[in-house]
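If you want the building blocks of each chain, they are given just below.
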Amino acid sequence: MLDGPSVDAHHLLPRSQGGRDTVMLHRVCHRKIHAELSEKELARQYTTLEALRAHPDIADFIRWVVRKPPEFTAVTFRAKDHVKAGKRYRDK
Ligand SMILES: [Zn+2]
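Residues numbered from 1 in each chain as written. Predicted model: local features only at pLDDT ≥ 70, side-chain atom pairs only at ≥ 80, totals over all residues.

The next point concerns the overall build of the protein. Helix and strand content of the protein: six helices and two strands. The N-to-C order of helical and strand elements in the protein reads β-β-α-α-α-α-α-α. The long-range share in the protein, meaning contacts at least 24 apart out of those at least 6 apart in sequence, stands at 56%. (Helix = DSSP H or I, 4+ residues; strand = E, 2+ residues; numbered from the N terminus. Contact = placed C-beta atoms within 7 Å.)

See the structure below:
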């Protein structure tokens, strides 16, 4: 959602659903997406950045995270959070 050096590749359509296109997201934004949405929801309704940004909780998160210092958004992404949030879904 934010531009910067700390980014992850996110599959707009989960790879398990045959998705190939990825977008680069800040790690914290990426983590938030998978905390809020299941792989099924992502595949069904959130296959565009516009749709993701329109999600109320994600929109709130973006408004909150833009006020954080740059070090905050460089927080190390932990794969286990991704697993917890999206079962066994991984982008990499
Ligand atoms: Zn992802």
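Resuming the write-up.
Here we come to the nonpolar core. Grouped together as the largest cluster of nonpolar side chains are nine residues: Leu25, Val28, Cys29, Ile33, Leu37, Leu42, Tyr46, Leu52 and Ile58. No other element matches the three residues that helix H1 (residues 27–36) contributes to this core. Residues within four places of leucine 52 in sequence aside, it is in contact with Ile33, Tyr46 and Ile58. (Core = buried A, V, L, I, M, F, W, Y, C linked by C-beta atoms within 7 Å. Buried ≥ 20, exposed ≤ 12 C-beta atoms within 10 Å, placed from the backbone.)

Next up on the list: the confidence of the model for the protein. Scored by pLDDT, the protein has a mean of 76; 68% of the residues are at 70 or more. Across residues 75–80, confidence stays below pLDDT 50; counting only partners more than four residues off in sequence or on other chains, it has six contacts. This model gives residues 82–92 a pLDDT under 50, and the stretch forms 20 contacts once residues within four places in sequence are excluded. (pLDDT = per-residue confidence, 0-100.)

When you line up the elements, lysine 40 lands in helix H2 (residues 39–45). For lysine 40, a count of 13 C-beta atoms within 10 Å translates into the label partly exposed. C-alpha separation for the pair lysine 40 and glutamine 17, spaced 23 residues apart in sequence, amounts to 9.0 Å.

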